[in-house]
Amino acid sequence: MSVPVRDTETMSPECAVAQRPDHKVLHRWCRQTEDVPLPHSFGILLVRRCTCECHRR
């Protein structure tokens, strides 16, 4: 029996590792809960929000 593979490219490093069964606690360490825009720019993001399901609540 294999574990389903999820696309972790758009997740924060913490949430990507938290996809492993023994590392679930790392979800609460994620700090990428909002998009951070590049100062003095329009539509360019410095840091993109993590797309993990735990932040969609």
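Anything mentioned here points back to the structure above.
The rules behind each value
- Within each chain, residue numbers correspond to sequence positions counted from 1 in written order.
- With the structure being a predicted model, the display of local features is reserved for residues of pLDDT at least 70 and the display and counting of side-chain atom pairs for 80 or more, all residues being used for whole-chain, interface and lining totals.
- Note that the side-chain values use all heavy atoms of the structure and ignore hydrogens as well as water.
- Here a strand is any run of E in DSSP of at least two residues, a helix any run of H or I of at least four, and the numbering for each starts at the N terminus.
- Two residues qualify as a contact provided that any one of their heavy atoms is within 4.5 Å of a heavy atom in the partner residue.
- Note on areas: Shrake-Rupley, 1.4 Å probe, and residue coverage restricted to the protein chains presented here.
- Only buried residues count toward a nonpolar core, which is a set of Ala, Val, Leu, Ile, Met, Phe, Trp, Tyr and Cys residues joined through side-chain atoms within 4.5 Å.
- For the exposure calls, accessible area comes from a 1.4 Å probe over protein chains only, and a residue counts as buried if that area is under 20% of its type's maximum, exposed if over 50%, partly exposed in between.
- Polar contacts, as counted here, are pairs of nitrogen or oxygen atoms within 3.5 Å of one another; within protein the pair requires one atom able to donate a hydrogen and one able to accept it, and residues that are adjacent in sequence qualify only if both atoms are side-chain atoms.
- Here, a disulfide means two cysteine sulfur atoms that sit within 2.5 Å of each other.
- In this scheme, patches are assembled from residues that exceed 30% relative accessible area and form no salt bridge. Like charges are connected within 9 Å, while nonpolar side chains (Val, Leu, Ile, Met, Phe, Trp, Tyr) are connected within 5 Å.
- Take a side-chain nitrogen of Lys or Arg and a carboxyl oxygen of Asp or Glu: if they are within 4 Å of each other, that pair is a salt bridge.

Another point: the overall build of the protein. Scanning the protein from terminus to terminus reveals one helix and two strands. Once local pairs closer than 6 in sequence are excluded, the contacts in the protein between residues at least 24 apart make up 29%. As displayed, the protein has an accessible area near 5100 Å², and 54% of this comes from carbon and sulfur atoms.

The next subject is unusual backbone geometry. In this model, His40 sits at a positive phi of 65°, which is unusual for a non-glycine residue. Along the polypeptide, His40 turns up in the loop between strand S1 (36-37) and strand S2 (45-47).

Turning our attention to the nonpolar core. Note that soluble globular proteins tend to have their nonpolar side chains buried in a common cluster. Core analysis: the biggest nonpolar cluster contains six residues, these being Met11, Cys15, Cys30, Cys50, Cys52 and Cys54. Not counting chain neighbours up to four residues away, the residues in contact with Cys30 comprise Ser12, Glu14, Cys15, Cys50 and His55.

All right, on to the side chain of Gln19 then. Its place among the elements puts Gln19 in the loop between helix H1 (13-17) and S1. Taking relative accessible area as the criterion, Gln19 reaches 17% and is therefore assigned buried. A polar atom in the side chain of Gln19 sits 3.2 Å from the backbone oxygen of Cys15.

This next bit is on the state of the cysteines. According to the stated counting rule, one finds zero disulfides in the structure shown. Residue Cys30 stays outside any disulfide, its sulfur separated by 3.8 Å from that of Cys15, the closest cysteine. As a non-bridged cysteine, Cys50 has Cys15 as the owner of its nearest cysteine sulfur, 3.8 Å distant. On the basis of relative accessible area, Cys50 is assigned to the buried category, the value being 0%.

Take a nonpolar patch on the surface next. A cluster of nonpolar residues, Val36, Leu38, Ile44, Leu46 and Val47, forms a patch on the protein surface that exposes about 380 Å² of accessible area. With respect to the element layout, Val36 can be found in strand S1. You can call Val36 partly exposed: its relative accessible area is 36%.

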